[in-house]
Amino acid sequence: AQSVTQLGSHVSVSEGALVLLRCNYSSSVPPYLFWYVQYPNQGLQLLLKYTSAATLVKGINGFEAEFKKSETSFHLTKPSAHMSDAAEYFCAVHYGGSQGNLIFGKGTKLSVKP
Amino acid sequence: DGGITQSPKYLFRKEGQNVTLSCEQNLNHDAMYWYRQDPGQGLRLIYYSQIVNDFQKGDIAEGYSVSREKKESFPLTVTSAQKNPTAFYLCASSIVSGGELFFGEGSRLTVL
């Protein structure tokens, strides 16, 4: 079965430090890839998406992600963490086909220390 | 403003009662989805609908039911058959099936 793996359920960084959240998918066929962010007791909002146009994708709030086919990875990064980045982040993959729904990772909760 | 409205935001239910969660969208999206979120488990798909009057079961449909009588509306009923209904429920929509999802603010259901 297709799957999405997010390494690390919790990540803690200091304000101003690099943020790196990891996501790996299970297929060798390039899928559509997404990162979503969720603040407490709210819905999810899209940070960025990869749809095969470019391997480095820039999103909102200074986040970006790089699609690496050889590593089946789509890690999310931000050069300098801000307190407002504290939230839960979800990687999601769409493998195509008629059913057309996304498969979500289990999420990574990011804490930012002052 | 276009978006997805879920209601109620918080809901308490006694065991054995059915409860219906509302989801309305004014984005003119064809596809709509219901997800369940539990701590540490990510999002799990309950039901989805790609067109009016049609819907399909997701990964955890047992104990839930839906209807799609209008393009704008996709209500979810949590029935008494659902063994562990306490969770955060998220409704979403997309222009096309499998595309970028737009989420509502969620409904938190607690069974007393």
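Rules used in this analysis
Residues numbered from 1 in each chain as written. Chains lettered and ligands numbered in written order. Predicted model: local features only at pLDDT ≥ 70, side-chain atom pairs only at ≥ 80, totals over all residues. Heavy atoms only, no water. Disulfide = S-S within 2.5 Å. Helix = DSSP H or I, 4+ residues; strand = E, 2+ residues; numbered from the N terminus. Buried < 20%, exposed > 50% of the residue type's maximum accessible area, 1.4 Å probe, protein only. Phe/Tyr/Trp six-rings, centres within 6.5 Å; stacked < 30°, edge-to-face > 60°. Pairing = 2+ DSSP bridges. Axes fitted to C-alpha atoms, helices over the stretch in contact; angles between N-to-C directions. Salt bridge = Lys/Arg side-chain N within 4 Å of Asp/Glu carboxyl O. Patch = residues over 30% accessible without salt bridge, like charges linked within 9 Å, V, L, I, M, F, W, Y side chains within 5 Å. Areas by Shrake-Rupley, 256 points an atom, 1.4 Å probe, with all protein chains shown as cover. Contact = heavy atoms within 4.5 Å. Buried area = accessible area lost by both parts, 1.4 Å probe. Polar contact = N/O pair within 3.5 Å; in protein donor to acceptor, adjacent residues only side chain to side chain. Nonpolar A, V, L, I, M, F, W, Y, C, P; charged D, E, K, R; others polar.

A few points about the state of the cysteines
By definition, a disulfide links the sulfur atoms of two cysteine residues through a covalent bond. Residues and elements named next belong to chain A. Enumeration over the complete set of coordinates arrives at two disulfides over all chains. Each disulfide pairs two cysteine sulfurs, and for C23 the partner residue is C91, the sulfurs being separated by 1.9 Å. As the torsion about the S-S bond is roughly -65°, the C23-C91 disulfide counts as left-handed. Note that C23 is positioned in the loop between β3 (19-21) and β4 (24-25) and C91 in strand β10 (residues 87-94), a separation of 68 residues in sequence. Here C23 matches C91 in class, with each residue buried.

Digging into the packing of aromatic side chains
Residues and elements named next belong to chain A. Per the counting criterion, the structure on display carries 14 aromatic pairs over all chains. With a centroid separation of 6.2 Å and an interplanar angle of 50°, the aromatic rings of Y50 and F74 are classed as tilted. Of this pair, Y50 sits in strand β6 (residues 44-50) while F74 sits in strand β9 (residues 73-78), and the two are 24 residues apart along the sequence. For the pair Y50 and F74, a shared accessibility class is recorded, and that class is buried.

Digging into the pairing of strand β1 (residues 4-7) of chain B
Residue and element names in this part refer to chain B. Residues I4 and Q6 of β1 are buried on one face, while the alternating residues T5 and S7, pointing to the opposite face, are not. Here β1 runs beside strand β3 (residues 19-25); their pairing, made up of four bridges, is antiparallel. In the strand pairing of β3, S7 is matched with S22.

A word on the sheet that holds β1 of chain B
The strands making up a sheet are joined through hydrogen bonds of the backbone, oriented either antiparallel or parallel. Residue and element names in this part refer to chain B. Spatially, β1-β3-β8-β7 is the arrangement adopted by the four strands of the open sheet, whose pairing is antiparallel. In this open sheet, the two strands that pair with only one neighbour each are β1 and β7 (64-66). Along the sheet, successive strands turn relative to each other by an average axial angle of 20°, direction set aside.

What about the pattern of salt bridges?
All names here are of chain B. What the rule picks out here adds up to six salt bridges over all chains. Across the salt bridge formed by R36 and D38, the nearest N and O atoms sit 2.8 Å from each other. Each member of the pair, R36 as well as D38, is classed as buried. Residue R44 is joined to D38 by a salt bridge in which the shortest nitrogen-to-oxygen separation is 2.7 Å. Residue classification places R44 among the partly exposed residues on the basis of a relative accessible area of 26%. Each of R36, D38 and R44 takes part in one network of salt bridges that share partners.

Re a nonpolar patch on the surface
Residues and elements named next belong to chain B. Together, Y10, F12 and L112 make up a nonpolar patch on the protein surface, roughly 390 Å² of accessible area in all. Mapping Y10 onto the fold places it in strand β2 (residues 10-13). Taking relative accessible area as the criterion, Y10 reaches 47% and is therefore assigned partly exposed.

Observations regarding the interface of chain A and chain B
Interface size is often expressed as the accessible area that is lost when the parts come together. If you look at the interface, chain A gives 20 residues, while chain B gives 23 residues. In total, chain A and chain B occlude about 1,600 Å² of area from one another, counting both sides; carbon and sulfur atoms represent 49% of this. On the chain A side of the contact with chain B, N41, L44 and F104 of chain A bury the most area, a combined 29% of that side's loss. In this structure, the connection of chain A to chain B is made through one salt bridge. Its salt-bridge partner being E100 of chain B, residue K49 of chain A comes within 3.2 Å of it at the nearest N-O pair. Along the contact surface separating chain A from chain B lie five residue pairs in polar contact (both at pLDDT 80 or more). Contributing elements (two or more residues each) for the side of chain A that touches chain B: β5 (32-38), β6 and β10 of chain A. Taken together, the residues that form the side of chain A that touches chain B break down as seven nonpolar, 10 polar and three charged.

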